[in-house]
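Descriptive structure summary
Residues per chain are reported as follows:
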Amino acid sequence: MRRSARPEPGRYPYLDNRAGTEPGLLPLALAHRGFSPDGGENTMAAFGRAVDLGFRYLEIDVRASSDGVVMVFHDEDLDRVTDAHGPIARRSASDLSGLSVGGHGGIPTLEAVLLRWPDLRLNIDIKSDDCVRPFAELVNRLSAHDRVLVASFSDRRRRAVLRLLERPTASSAGMAVNTLLKLLAPLGLAGPVARIAGVQALQVPETYRGVRVVTRRFLRSCRAGGLQVHVWTINERAEMDRLLDLGVDGLVSDDADVLADCMAARSAWPQGSPRDR
């Protein structure tokens, strides 16, 4: 597999995805909410299936329970994926753990996920303001700074988390900074903007409202500024190969089995993963 030069992760080990002792970084393969082809997104079962496929990285979402516990869940309300109704923020962690998510177990706590798979790296979208402090306190208590990437559509919320963390922690840009970098990266300003914004990665769709975001020039400009570019949500094998050939630094996919096969065919699994054994 051709490994193009990618920005070095420096003091952010989360981004250091290598094959054994080889010097080049491999692209990140992220299973979106785990792997749940028959339902049960963001559950321990979905995460276990992704790990069994060889994934070292998951993209997950977190919100806070009414008693301030960080829960792994995407929606503001429970209605779409459980038999319960109403906002997740009105339920205790104990109540939430007893709900059925697509028939695959209750809503897990982030702490349970971090403890169950100590080598797993988590791209975590902070979905609500009430989750900021308990999330930062959990990461600090477990010393999980090297295992998480802080993400949010809200750059204000993302920066609030980073201010509470006790060690440098990788972060990806929110909507406002993504837009700014799309405009300024081709002008050679990706590095200064990224440093001011406190980001090491961009996570973007390939196109947004008819505008192509991911181009060779954009990738080259971001790389020159020390930024990785991860693209979501890519589910077709041909698109995965095309984007990897273009030089993206990571892919997020709902179809983790397809992405696993793609990475295996390109010898892009880190040494020691199930697909590398």
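Scoring rules and cut-offs
Along each chain, residues carry numbers from 1 onward, in the same order as the chain's sequence is written. Local features in this predicted model are restricted to residues of pLDDT 70 or higher, and side-chain atom pairs are both shown and tallied only at a pLDDT of 80 or more, whereas totals for entire chains, interfaces and linings draw on every residue. Note that the side-chain values use all heavy atoms of the structure and ignore hydrogens as well as water. We count a stretch as a helix when DSSP gives it H or I for four or more residues in a row; a strand needs E for two or more, and each element gets its number in order from the N terminus. Just to be clear, the radius of gyration here is over C-alpha atoms, and the globule rule we use is 2.2 Å times residues to the power 0.38. Residue burial is assigned from relative accessible area. The probe radius is 1.4 Å, only protein chains are included, and a residue is buried under 20% of its type maximum, exposed over 50%, and partly exposed in between. The criterion used for residue contact is that any of the two residues' heavy atoms lie within 4.5 Å. Each accessible area value is a Shrake-Rupley result obtained with a 1.4 Å probe; residue values ignore everything except the protein chains displayed when judging cover. A fitted line through C-alpha atoms serves as each axis, taken over the contacting stretch for helices, and the angle formed by two N-to-C directions is quoted from 0 to 180°. Here is the rule for angles: anything less than 35 degrees is roughly parallel, anything more than 145 is roughly antiparallel, 65 through 115 is roughly perpendicular, and the remaining ranges are oblique. By definition, turning the near helix anticlockwise from the far helix through less than a right angle yields a left-handed crossing, and turning it clockwise yields a right-handed one. Each residue is assigned to one of three groups, with Ala, Val, Leu, Ile, Met, Phe, Trp, Tyr, Cys and Pro labelled nonpolar, Asp, Glu, Lys and Arg labelled charged, and all others, Gly among them, labelled polar. Each patch is built from residues lacking any salt bridge and having more than 30% relative accessible area; the joining distance is 9 Å for like charges and 5 Å for nonpolar side chains (Val, Leu, Ile, Met, Phe, Trp, Tyr). By salt bridge we mean one thing: a side-chain nitrogen of Lys or Arg within 4 Å of a carboxyl oxygen of Asp or Glu. Charge counting follows a simple rule: Lys and Arg are positive, Asp and Glu are negative, and His as well as the terminal groups are ignored. Lys charges are placed at NZ, Arg charges at CZ, Asp charges at CG and Glu charges at CD. Being paired, for any two strands, means DSSP has found at least two bridges between them. Each aromatic pair joins two rings of Phe, Tyr and Trp (for Trp, the six-membered one) with centres within 6.5 Å, and gets the label stacked for planes under 30 degrees apart, edge-to-face for over 60, and tilted for any other angle.

The next thing to look at is the overall build of the protein chain. Looking only at helices and strands, the protein chain has ten helices and eleven strands in total. The C-alpha atoms of the protein chain give a radius of gyration of 18 Å, which matches the 19 Å a tight globule of 277 residues would have. Evaluated residue by residue, the protein chain yields a buried proportion of 56% over its 277 residues. For the protein chain, long-range pairs separated by at least 24 residues make up 61% of all intrachain contacts whose partners lie at least 6 apart in sequence. Carbon and sulfur atoms provide 50% of the accessible area of the protein chain, an area that totals close to 11,900 Å².

Time to look at the packing of helix α9 (residues 237-246) against helix α10 (residues 256-265). Closest axis-to-axis distance for the α9/α10 pair is 10 Å, and the angle between their directions is 45°. Between α9 and α10, the crossing angle belongs to the class labelled oblique. α10 is crossed by α9, and the crossing has right-handed handedness. Within the contact between the two elements, α9 uses R237, M240, D241 and L244 and α10 uses V258, L259, D261, C262, M263 and A265. Here the residues of the contact of α9 with α10 are counted per class, giving seven nonpolar, no polar and three charged.

Looking only at helix α5 (residues 155-164), the buried set comprises D155, R157, R158, A160, V161 and L162. The elements touched by buried residues of α5 are β4 (121-126), α4 (132-142), β5 (148-151), β6 (170-171), α6 (175-184) and α7 (190-197).

Attention now goes to a negative patch on the surface. Together, E236, D254, D255 and D257 give the surface a local cluster of negative charge. On the accessibility criterion, D257 (32% relative accessible area) is partly exposed.

Cis geometry marks the peptide bond from W232 to T233, where omega comes out at -25°. The topology assignment puts T233 in the loop between β10 (228-232) and α9.

Let us look at the pairing of strand β7 (residues 201-205). Where burial is concerned, most of β7 is hidden: five out of the five residues are buried. In terms of strand pairing, β7 meets β10 through five bridges, oriented parallel. Paired with A201 across the bridge in β10 is Q228.

All right, on to the environment of I60 then. By the element assignment, I60 lies in strand β2 (residues 57-64). On a C-alpha basis, the gap between I60 and N235 in space is 17 Å, while along the polypeptide they are 175 residues apart. Filtering out sequence-adjacent residues up to four positions away, I60 remains in contact with N42, F47, V72, L110, L122, N123, I124 and D125.

This brings us to the packing of α6 against α7. Two elements in contact, α6 and α7, have axes separated by 9 Å at closest approach and are oriented at 165°. The orientation of α6 relative to α7 falls into the category roughly antiparallel. Here α6 runs over α7; the crossing is right-handed. On α7, the residues touching V177, L180, L181 and L184 of α6 are A190, V193, A194 and A197.

Throughout the structure, instances matching the rule amount to 19 salt bridges. Among the salt bridges present, the one from E111 reaches R141, with a minimum N-O distance of 3.1 Å. Of this pair, E111 sits in helix α3 (residues 110-116) while R141 is found in helix α4, placing the two residues 30 residues apart along the sequence. The exposed category is assigned to R141, whose relative accessible area is 53%.

Going through the model one piece at a time under the given rule, you end up with three aromatic pairs. Ring geometry for Y14 versus Y57: centroids 5.1 Å apart, planes at 85°, classification edge-to-face. In this pair, Y14 sits in the segment before β1 (28-32) while Y57 sits in strand β2, placing the two residues 43 residues apart along the sequence. Given the relative accessible area of 1%, Y14 is considered buried. By relative accessible area, which is 1% here, Y57 ends up buried. The interplanar angle of 80° and the centroid separation of 5.2 Å between the aromatic rings of F55 and W269 together place this pair among those described as edge-to-face. Placement of F55 in the loop between α1 (44-53) and β2 and of W269 in the segment after α10 is noted, with a sequence separation of 214 residues between them. Note on accessibility: F55 and W269 belong to one class, buried.

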